[in-house]
Amino acid sequence: QVQLVESGGGSVQAGGSLRLSCAASGYLQSSYCMGWFRQAPGKKREAVAAIYTGGSGTYYGDSVKGRFTISEDYVKNTVYLQMHSLKPEDTSIYYCAAVDCSWPPLEYKFWGQGTQVTVSS
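Below is a short write-up of the structure. (Residues numbered from 1 in each chain as written. Predicted model: local features only at pLDDT ≥ 70, side-chain atom pairs only at ≥ 80, totals over all residues. Heavy atoms only, no water.)

Trp36, Val48, Phe68, Ile70, Leu81, Met83 and Tyr94 are the most contacted members of the largest nonpolar core, which has 26 residues in total. Among the secondary structure elements, those contributing two or more residues to this core are β3 (18–25), β4 (33–39), β5 (46–51), β7 (68–73), β8 (78–83), β9 (92–99) and β11 (115–120). When residues of this core are assigned to their parent elements, the largest contribution, 4 residues, is made by β3. Not counting residues within four places of it along the chain, the set of residues in contact with Phe68 comprises Arg38, Val48, Tyr60, Leu81, Gln82, Met83, His84, Leu86, Asp90 and Tyr94. (Core = buried A, V, L, I, M, F, W, Y, C linked by side-chain atoms within 4.5 Å. Buried < 20%, exposed > 50% of the residue type's maximum accessible area, 1.4 Å probe, protein only. Helix = DSSP H or I, 4+ residues; strand = E, 2+ residues; numbered from the N terminus. Contact = heavy atoms within 4.5 Å.)

What follows is about the sheet that holds β8. An order of β1-β3-β8-β7 is seen for the 4 strands of this open sheet, with the pairing classed as antiparallel. Strand pairing shows two members of the sheet lacking a second neighbour, β1 (3–7) and β7, which therefore form its edges. Strand-to-strand, the axes of this sheet are offset by a mean angle of 15°, without reference to chain direction. Bridging between β1 and β3 involves 5 bridges; their strand directions are antiparallel. Residue pairing across strands places Gln3 opposite Ser25, the latter belonging to β3. (Pairing = 2+ DSSP bridges. Axes fitted to C-alpha atoms, helices over the stretch in contact; angles between N-to-C directions.)

If you walk through the whole model with that rule in mind, you get 2 disulfides. Paired by a disulfide, Cys22 and Cys96 hold their sulfur atoms 2.1 Å apart. Its torsion about the S-S bond being -70°, the disulfide of Cys22 and Cys96 is classed as left-handed. Residue Cys22 is found in strand β3, and its partner Cys96 is found in strand β9; the two are separated by 74 residues along the sequence. Take Cys96: its relative accessible area is 0%, and that puts it in the buried class. In the protein chain, the bonded cysteines, numbered by position in the sequence, are linked as 1-3, 2-4. (Disulfide = S-S within 2.5 Å.)

A few words now on the pairing of β3. Each regular strand carries side chains that alternate between the two faces of the sheet. Judged from the 6 bridges that link them, β3 and β8 form a sheet pairing that is antiparallel. Bridge pairing in β8 links Leu18 to Met83.

Okay, here's the thing in structure tokens:
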């Protein structure tokens, strides 16, 4: 059984930083890649970042490019999303997900409970 557990969300001022963590457990097929998406109430799901074994390795949504960084600690089986220069429009629930290895992801296979990020101006 696959479990993805996000943590690290919170409330910050505009311009601040947060680092989200995603602890993965259980079996994941090797064909899956890891990513982050966000979805605020009343908004569409938005792909934020993904990390792939092939290609250039990492991809980012245009709205976060240059501000967010996705990384993975393979020993700890944990995926991170370092968020810098946060803006009020970044306010959302952030989810860690196992995805297909497309950009943007076409399939979200598994995801966690989400962690709330709130950015005030």
